[in-house]
Amino acid sequence: MQNRILYIVLGVALLIVASVGIFQLVRNKDTTTNQPPTDSSSPTPSEAPLFGDGNNNGSDPLFNGTPDPNAISNGSTLTVNSKSACPTQWVGQTDTDNDGLPDTVETIYKTDNNNPDTDGDSYKDGDEVKNGYNPLTPGNARLDSDDDGLTDDQECKWETDAFNPDTDGDNYKDGVEVTNGYDPAKTGDGKGSDALPEKKAQLSDAAMRPNTNSSNYTEGLAGLMLGNTPTNQIGQVKVTPEQVQQTLANAQLNTTLPEAKVSELNIIQTNTPADINDYLTKIDAMRPTELLDSNTLTTALMNAFYGNTQQLASIRGNLTTYEGKLLAIPTPATAVPHQTLLVQITRFLNDRLGVIQTYGKTDPVKAYLAARELQAGLNTNITKLKTIRDNLASFVQ
């Protein structure tokens, strides 16, 4: 039931964040290749996956509207010894092209045993496989032969089968087990017998029932939905999207803009039409068009919900740089209201994106509410900013 709540929250959250692109002062940025989510995550109350396996293969709620969190793909059709894909088994084997990958393993991955760099990306095939990268695809594509959320090199670490998504046959993908603190090579008894050491301490009855008063909004929401449901019946509680949305709709939103003091601005002594025109020209010229378009922002926010915050951190860094440039622009007195509001909006955007960056994976409800605050706050203030700018432009016409 807790998982179902999170699926609904995340699905609704993406609908909201997709509309945040109304911040027209920042528009375009080349979309970068998304890196797969890492395996690190905060412990979760149950072994079932909270966010899927991070791949667009139908197991994720963000890509598939009706997810089955326990679904497992059929795996690879290769009939090979999974251990042969691990470097510990390569010692003394023939390596025709001296790329660190024995000829027998080249056959498994369909690489060219006469070409040390099959995909031509300047990295030897052996180095790519050893570090979990696909030797057939240039760039940063990861190598996950059985699509279970663990790259092949990680499979070697956990002593799991790189060509079987569920090594221990317990109906949970290997990557899902590792992410949630369970041993992917050990079949459990359903009570945590296969939990990794750091997870065992968290499997008490109290830890499994969400706390309504928790500082974690997501856990609090789950607690509201569960009420006093016994722990052994949690999975039987049905929660509809309408119930979750209705609960979240009652949440109080803080859309107050951060303060921007007039003393922070670079106010000039003259206030002529020429000064105003120069101000507007500079503002228009420095619009950070490389920062955000709707696709880039949505991708960055979606990745943050998976725990991959690199792209969102970059966007926020560019916003901080943009704010610094704003404060340095010579501002005539008539333009002070416009400049002040523009700085406030920039800070508001940066602040709420920061909440999503910090809590997207560990507390998606809190991140979702920050996205709603962005939508509500920007709608009103962007309209106000446009009105002020139009008035300023009338002085120089």
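Only a predicted model underlies this, so the values are computations on that prediction, with no experimental measurement involved. (Residues numbered from 1 in each chain as written. Predicted model: local features only at pLDDT ≥ 70, side-chain atom pairs only at ≥ 80, totals over all residues. Heavy atoms only, no water.)

S.K.: Sorry, what's going on with the overall build of the protein here?
M.R.: Helix and strand counts for the protein come out as 14 helices and 2 strands. Out of the 397 residues in the protein, the part that is buried amounts to 45%. In the protein, of all internal contacts separated by at least 6 residues, the share reaching a separation of at least 24 is 64%. As displayed, the protein offers around 18900 Å² of accessible surface, 48% of which is attributable to carbon and sulfur atoms. (Helix = DSSP H or I, 4+ residues; strand = E, 2+ residues; numbered from the N terminus. Buried < 20%, exposed > 50% of the residue type's maximum accessible area, 1.4 Å probe, protein only. Contact = heavy atoms within 4.5 Å. Areas by Shrake-Rupley, 256 points an atom, 1.4 Å probe, with all protein chains shown as cover.)

S.K.: Help me out: how do you make sense of unusual backbone geometry in this one?
M.R.: Working note: non-glycine residues mostly have negative phi, and peptide bonds are mostly trans. We note that Lys110 has phi near 60°; this positive angle belongs to a residue other than glycine. Mapped onto the elements, Lys110 comes out in the loop between helix H2 (103-109) and helix H3 (125-130). Despite not being glycine, Glu159 shows a phi value in the positive range, around 55°. Inspection of the secondary structure puts Glu159 in the loop between helix H4 (152-158) and helix H5 (174-179). Judged by its relative accessible area of 57%, Glu159 is exposed.

S.K.: What should I look at first to understand the side chain of Lys366 in this one?
M.R.: Its location among the elements puts Lys366 in helix H14 (residues 364-394). The buried charged residue Lys366 lacks any salt bridge, with Asp363 as its nearest oppositely charged partner at 4.1 Å. Look past the residues within four positions of Lys366 in its chain and what remains in contact with it is Ser215, Tyr217, Val355 and Tyr359. (Lys, Arg positive; Asp, Glu negative; His and termini not counted. Salt bridge = Lys/Arg side-chain N within 4 Å of Asp/Glu carboxyl O.)

S.K.: Looking at this structure, how should I read the pattern of salt bridges?
M.R.: Tallying each qualifying case throughout the model produces 7 salt bridges. Residues Glu264 and Arg347 are paired through a salt bridge, measuring 2.6 Å at the closest nitrogen-oxygen approach. Of this pair, Glu264 sits in the loop between helix H9 (241-249) and strand E1 (266-267) while Arg347 sits in helix H13 (residues 336-359), placing them 83 residues apart in sequence. As a salt-bridge pair, Arg389 and Asp284 come within 2.5 Å of each other at their nearest N and O atoms. Highlighted residues: Arg389 in helix H14 and Asp284 in helix H10 (residues 273-285), separated in sequence by 105 residues. Connected through shared salt-bridge partners, Glu264, Glu323 and Arg347 make up one network.

S.K.: I tried to follow the packing of helix H11 (residues 294-305) against helix H12 (residues 310-328) on my own but got confused; where do I start?
M.R.: Working note: a packed helix pair is described by the angle between its axes plus the distance between those axes. The interhelical angle for the contact between H11 and H12, taken along N-to-C directions, is 125°, at an axis separation of 7 Å. Regarding the angle of H11 to H12, the classification is oblique. In contact with Thr296, Thr299, Ala300, Leu301, Asn303 and Ala304 of H11, H12 contributes Gln311, Leu312 and Ile315. Among the residues forming the contact of H11 with H12, the class breakdown is 5 nonpolar, 4 polar and no charged. (Axes fitted to C-alpha atoms, helices over the stretch in contact; angles between N-to-C directions. Parallel < 35°, antiparallel > 145°, perpendicular 65-115°, else oblique. Nonpolar A, V, L, I, M, F, W, Y, C, P; charged D, E, K, R; others polar.)

S.K.: What am I meant to see in the packing of H12 against H13 here?
M.R.: For the pair H12 and H13, the least separation of the axes is 10 Å and the interaxial angle reads 160°. The angle between H12 and H13 falls in the class roughly antiparallel. The handedness of the crossing between H12 and H13 is left-handed. Contact residues: H12 offers Leu312, Ala313, Ile315, Arg316, Leu319, Thr320, Tyr322, Glu323, Leu326 and Leu327, while H13 offers Gln339, Leu342, Val343, Thr346, Arg347, Leu349, Asn350, Leu353, Gly354, Ile356 and Gln357. (Left-handed = near helix turned anticlockwise from the far one by under 90°.)

S.K.: Looking at this model, I keep getting lost on the nonpolar core. Mind explaining?
M.R.: Within soluble globular proteins, side chains that are nonpolar generally end up buried alongside one another. Formed by 40 residues in total, the largest nonpolar core has its most connected members in Leu353 and Ile356. For this core, the secondary-structure elements that each account for two or more residues are H10, H11, H12, H13 and H14. Looking at which element gives the most residues to this core, the answer is H14, with 10 residues. Residues in contact with Ile356, not counting those within four places in the same chain, are Leu301, Ala304, Leu312, Ala367, Ala370, Ala371 and Leu374. (Core = buried A, V, L, I, M, F, W, Y, C linked by side-chain atoms within 4.5 Å.)

S.K.: Even after reading the chapter, I still don't get H13, so can you show me in this structure?
M.R.: Since there are 3.6 residues in each turn of an α-helix, residues three or four apart along the chain are aligned in direction. Its 24 residues give H13 an end-to-end C-alpha distance of 35 Å, which sits within 8% of 34 Å, the value for a rise of 1.5 Å per residue. Of all 24 residues in H13, 18 are buried, a share of seventy percent or more. (Expected span 1.5 Å × (residues − 1).)

S.K.: Explain the environment of Tyr217 here, please?
M.R.: Note that Tyr217 resides in helix H8 (residues 217-226). Tyr217 sits 146 residues away from Asp363 along the chain, and the two C-alpha atoms are 6.3 Å apart. For Tyr217, the contacting residues outside a window of four places in its chain are Asp363, Val365, Lys366 and Leu369.

S.K.: Would you explain the environment of Asp161 in this entry?
M.R.: Turning to its location among the elements, Asp161 is positioned in the loop between H4 and H5. Residues Asp161 and Ser145, 16 residues apart in the sequence, show an inter-C-alpha distance of 9.8 Å.

S.K.: Any chance you could explain the packing of aromatic side chains here in plain terms?
M.R.: What characterises a pair of aromatic rings is the spacing of the ring centres plus the angle enclosed by the ring planes. Taken as a whole, this structure holds 1 aromatic pair when the rule is applied. On the numbers, 6.4 Å between centres and 40° between planes, the contact of Tyr109 with Phe163 is tilted. Linking Tyr109 in helix H2 with Phe163 in the loop between H4 and H5, this pair joins segments that are 54 residues apart in sequence. Just as Tyr109 is buried, Phe163 falls in that class too. The residue whose ring lies beneath Arg142 is Tyr133, and the NZ or CZ to ring-centre distance is 4.2 Å. Of note, Lys366 hangs over the ring of Tyr359, and the distance from its end group to the ring centre comes to 4.1 Å. (Phe/Tyr/Trp six-rings, centres within 6.5 Å; stacked < 30°, edge-to-face > 60°. Lys NZ or Arg CZ within 6 Å of the ring centre and 35° of its normal.)

S.K.: In this structure, what is going on with the confidence of the model for the protein? I would like to understand it.
M.R.: Confidence in the prediction of the protein, expressed as mean pLDDT, is 76, and 72% of residues score 70 or more. In this model, residues 14-80 is a region of pLDDT below 50 whose contacts with residues beyond four sequence positions or in other chains number 164 contacts. (pLDDT = per-residue confidence, 0-100.)

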